[in-house]
Amino acid sequence: MHWTRKTLTFAAALLITAFTFKAVAQSSQPEAANNKNWWRNAVFYEIYPRSFADSNNDGIGDLKGIIAHLDYLKDLGVDAIWLTPIYPSPQVDFGYDISDYEAIDPKYGTMADFDRLIAEANKRHIRVLMDMVMNHTSDKHKWFLQSRSSRTNPYRDWYMWHDGKGQTDTDKGQPPNNWQSDFGHSAWEWDEKTRQYYYHKFYAQQPDLNWNNPKVHQAFKDIIAFWLKKGVAGFRFDAITTLFEDPQMRDEDVLLDKDGKSFLNNYGDVALNDTRTNNLPEVHAVMAEMRAAADKFSTDKFPGTRIFIGETYLPNIAELLKQYGTPEHPEFQLPMDTQIGFINKLDVSAFRSKIENAEVDLGDNVPLLIFDNHDNPRLDARYGDGVHDTDIQRVISTMLFASHGASLFYYGDEIGMTTTPPTRKEDVKDPVGITGWPKEKGRDGERTPMQWTPGPNAGFDGPNAKPWLPVPPIASTINVQVEKSDPNSLLTWYQTLIQLKKTNPVFSEGSDTMLDTENTKVLSWKREAAGAPPLVVALNFTAEPQTVNLVGPGLPDGSLNTLLKTPGAASPGSLRSIQLGPYGVYIGQLQVMISH
Ligand code: NOJ
């Protein structure tokens, strides 16, 4: 990065900042550039449609409910929404078991509702992304019904069928190997009619597709084209690292604890490694093929880059880097960086090194930060201390929006919704919570209805309806209506941060450099972009007040223009002394240009 040597007075610097701000805002206007790069600094919002807003009082959220809240999302500053699956489904895995990829489940509405959602969202400059589940279908999908109808059916080879170990004409033997479902117990299900086992990484009602079959590839290219033609802005690819399995079908290794002993997981099974069933390299060619097919799409009606987001839980940054593909064979624009957001402990060193990994090791690729989703306990449960939860969520959201890259968050995070797991087994809706009870209570706790108002059913549903999951009592204080009018609420905080991310050029375009790198209590970094003074971010990861001095190489002392700070905190006089309250946040911009 090159800098011109300038020393400015405070007033002149402010003028320049204001000018740059305006210039960037205007230059992002030309539609072509905006359409091409819209995703690079974008704010994505995950909607779990079942739980977002119910327009017809049947207890289940729907598309009309989403449409009714698009203005809310626009005011929040959301660029795109990702809808978890809304296709027809027996709903064993609440939509991740798809029985028809080219229709809308009547529980959520009609195709006309969907078309209206796209149109209404686009009017508000919000793009819509669908979930694309390629690892498996529902066992009620017509492909699987055919496949299981006989060993000679043309669809037989669309799924993963195998004989059992020691199987005879009269004895089904044992499952072909020790592979386990992520949702507990053997990943092999016996089919009595055709006398073979089929493989399922998830529920038995979610048979895995056979990605060694080229017909499966073509089928998904057609499905992707179907939705792109409808105007969707892209897809989030579900469980994408599990498309392939070891062709030799070798057993997974048993995991050992620190004493060298095997142990049981939450389902009571011997815990196994997953090297034979996860992250096999063959997935890259598939994604490059899908991406090449999708890249062809841009219509006058729906212009703009169509993007691929990946559900990519990976062990390290090198593996994440591979998911972007190469310039010749691109794969995902935005594979999720789950290594940052799921550290699940406020550990300064861990966050510093993971955020730095994303900044340095991904090269020119854009990181996608994410801290929460519909599969994990919400932020309160993973990062909260029960006392300072709102302040802690300010810390988390600042990492999410004030770091370089795109940001993805989960409905309800912006108001601080809490995890509310079922307390009785008979109330559990998510089948994993039944298999694993009481150790594993399932994912109901993070899927409770969106809290819109302090009123009955939190405004998710009509007062006489019965939401599919209970509305937690805390909804009377944690809800959109109450927080909207409170300048100190978490909702206002999110809105302000998102606004900064999108309008301050250093936020939108800057790169991150960690500061004060020996500090184990406060995480600080600077953001820099050409043509504007740098800004600094400091986050207190502790319940005790902290003071940091961020003056250092390339960052001389100077007065700061505060952009955002924890409500009630004082503004620091200078970079030399930034005071932070318990879990305090400070973001400020230097008032002078830095010479380099
Ligand atoms: C990941 C999804 O996020 C989760 O909800 C689902 O159960 C599995 N993939 C299987 O599709």
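Thresholds, definitions, all that
- Within every chain, residues take consecutive numbers counted from 1 along the sequence as written.
- In keeping with the model being predicted, local features are shown solely for residues with a pLDDT of at least 70 and side-chain atom pairs are shown and tallied solely at 80 or more, while totals for entire chains, interfaces and linings include all residues.
- Calculated side-chain values reflect all of the structure's heavy atoms, with hydrogen atoms and water omitted.
- Here a helix means four or more residues in a row that DSSP labels H or I, a strand means two or more in a row labelled E, and each is numbered from the N terminus.
- The span expected for a helix works out to 1.5 Å for each residue beyond the first.
- Note on classification: 1.4 Å probe, protein chains only; a residue is buried when its accessible area is under 20% of the maximum for its type, exposed when over 50%, partly exposed between these limits.
- Here the arc refers to the set of directions running from the helix axis out to each C-beta atom.
- Counted as a polar contact is a pair of N or O atoms within 3.5 Å, where, for protein atoms, one must be capable of donating a hydrogen and the other of accepting one, and residues adjacent in sequence contribute only when both atoms are in side chains.
- Confidence of the predictor in every single residue is expressed as pLDDT, which spans 0 to 100.
- Two residues qualify as a contact provided that any one of their heavy atoms is within 4.5 Å of a heavy atom in the partner residue.
- In this text, near means that some heavy atom of the residue lies within 4 Å of the molecule or strand in question.
- Residue exposure ignores everything except the shown protein chains as possible cover, and the areas themselves are Shrake-Rupley values with a 1.4 Å probe.
- Points on a 1 Å grid, built from protein atoms alone, make a cavity when a 1.4 Å probe fits but cannot get out and make a pocket when they are open with protein on both sides within 12 Å along at least 5 of 7 lines; residues with an atom within 4 Å of a point are the lining residues.
- Being in a pocket or cavity means that more than half of the molecule's atoms lie within 2 Å of its grid points.

With respect to helix α11 (residues 348–360)
Item 1. Its 13 residues give α11 an end-to-end C-alpha distance of 18 Å, which sits within 8% of 18 Å, the value for a rise of 1.5 Å per residue.
Item 2. Taken residue by residue, α11 has Val-348, Phe-351, Arg-352, Ile-355, Ala-358 and Glu-359 as its buried positions. The arc enclosing the buried residues of α11, seen along the axis, measures out at 135 degrees, which places them on a common side.
Item 3. For α11, the side-chain oxygen to backbone nitrogen distance between the N-cap and Ser-349 is 3.0 Å, and the N-cap itself is Asp-347.

Remarks on the confidence of the model for the protein
Item 1. Residues with a pLDDT of 70 or more make up 93% of the protein, whose mean pLDDT is 93.
Item 2. Contacts from residues 1–30, a stretch scored under 50 in pLDDT, to residues over four places away or in other chains number 35 contacts.

Points about the site of the ligand
Item 1. Taken together, Asp-93, Tyr-96, His-136, Phe-183, Phe-202, Arg-236, Asp-238, Glu-311, His-374, Asp-375, Arg-443 and Arg-447 make up all the residues around the ligand.
Item 2. In the environment of the ligand, an oxygen atom lies 2.4 Å from a nitrogen or oxygen atom belonging to the side chain of Asp-375.
Item 3. For the ligand, whose free accessible area comes to 300 Å², the fraction covered by protein is 97%.
Item 4. More than half of the atoms of the ligand fall within 2 Å of the grid points belonging to the second largest pocket.

Notes on helix α8 (residues 283–295)
Item 1. The first and last C-alpha atoms of α8 sit 18 Å apart over 13 residues, in line with the 18 Å expected at 1.5 Å per residue.
Item 2. For α8, the full list of buried residues reads Val-283, His-284, Val-286, Met-287, Ala-288, Met-290, Arg-291, Ala-293 and Ala-294.
Item 3. Where the residues of α8 are buried, they touch α7 (214–230), β7 (234–238), β8 (307–310) and α9 (317–322).

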